[in-house]
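# Commentary on secondary and tertiary structure
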Amino acid sequence: MPIRTATARWQGNLTEGSGTIKTGKGGIQGNYSFKSRFEEGEGTNPEELIGAAHAGCYSMAFSKALSDAGFTPTSVDTVAKVHMDKTDAGFSVTRIDLETQGDVPGVDEGTFQKIAEDAKANCPISRLLSPGAEITLSAKLA
């Protein structure tokens, strides 16, 4: 497997400075700042990028698991809501809420929910993040 890379550059102090974040091949690039991370300023932040990675990984894992069970999805749409809170150790990502909706012909609700939960547990990004953050899942069949 190839090694994936990303870069970040920060200029200035914490509250007045700014930076850029870029994935290795340039597919995602964005500006970030104190305001975009800790307030409601324009730009992106590391937590949004973690959310994007988790939503993308989960959607692929869920799609594969559904297909492996004989149910080829028409689509899987996932939102990841990343919660960052101040803890005794400092600011930490404490929880990620995955909200997914699948358009999956032929699957019943119980099977859909079981496969959704299994995909949450087995997605590589979930496995990375779950020791430090609670991961919740709300799965809806379209």
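Residues numbered from 1 in each chain as written. Predicted model: local features only at pLDDT ≥ 70, side-chain atom pairs only at ≥ 80, totals over all residues. Heavy atoms only, no water.

Taking an unreviewed UniProt entry as the reference, the protein chain is identified by name as OsmC family protein belonging to Paractinoplanes aksuensis.

## What to know about the pattern of salt bridges
This model, assessed by the stated rule, comprises six salt bridges. With its nearest N and O atoms 2.5 Å apart, the salt bridge here joins aspartate 68 to lysine 64. You can see aspartate 68 and its partner lysine 64 sitting in helix 2 (residues 46-68), four residues apart, about one turn around the helix. Between lysine 120 and glutamate 117 there is a salt bridge, with the nearest N and O atoms lying 3.6 Å from each other. Of this pair, lysine 120 and glutamate 117 both sit in helix 3 (residues 109-122), three residues apart, roughly one helical turn. In this structure lysine 120 comes out as buried when scored by relative accessible area, which is 18%. (Salt bridge = Lys/Arg side-chain N within 4 Å of Asp/Glu carboxyl O. Helix = DSSP H or I, 4+ residues; strand = E, 2+ residues; numbered from the N terminus. Buried < 20%, exposed > 50% of the residue type's maximum accessible area, 1.4 Å probe, protein only.)

## Details of the pairing of strand 5 (residues 90-103)
Bridge count for strand 4 (residues 75-87) against strand 5 is 13 bridges, and the pairing is antiparallel. The residue bridging aspartate 77 from the neighbouring strand is glutamine 101, located in strand 5. Taking the residues between adjacent antiparallel strands as the criterion, strand 4 and strand 5 are bridged by two residues. As judged from the eight bridges shared by strand 5 and strand 6 (residues 134-141), these two strands associate in the parallel manner. Bridge pairing in strand 6 places arginine 95 opposite glutamate 134. (Pairing = 2+ DSSP bridges.)

## Here's the deal with helix 2
The terminal C-alpha atoms of helix 2 lie 33 Å apart, and with 23 residues this matches the ideal 33 Å at 1.5 Å per residue to within 8%. Tucked into the core, helix 2 has its buried residues touching helix 1 (34-38), strand 4, strand 5, helix 3, helix 4 (124-129) and strand 6. A positive phi of about 95° marks glycine 70, the residue just after helix 2. (Expected span 1.5 Å × (residues − 1). Contact = heavy atoms within 4.5 Å.)

## Quick notes on the sheet that holds strand 4
Within the open sheet, the three strands sit side by side as 4-5-6. Their pairing is mixed. Of all strands in the sheet, those bounded by a partner on one side alone are strand 4 and strand 6. Between one strand axis and the next, the sheet turns through 15° on average, direction left out of account. Of the strands in this sheet, strand 4, strand 5 and strand 6 are in contact with helix 2, which crosses strand 4 at around 140°. The sheet contacts of helix 3 involve strand 5 and strand 6, and relative to strand 6 the element is tilted by about 150°. (Axes fitted to C-alpha atoms, helices over the stretch in contact; angles between N-to-C directions.)

## Quick word on the confidence of the model for the protein chain
Summarising the model, the protein chain shows a mean pLDDT of 96, and 100% of its residues fall at 70 or more. Averaged pLDDT values for the elements of the protein chain fall to 95 in helix 1 and rise to 98 in helix 3. (pLDDT = per-residue confidence, 0-100.)

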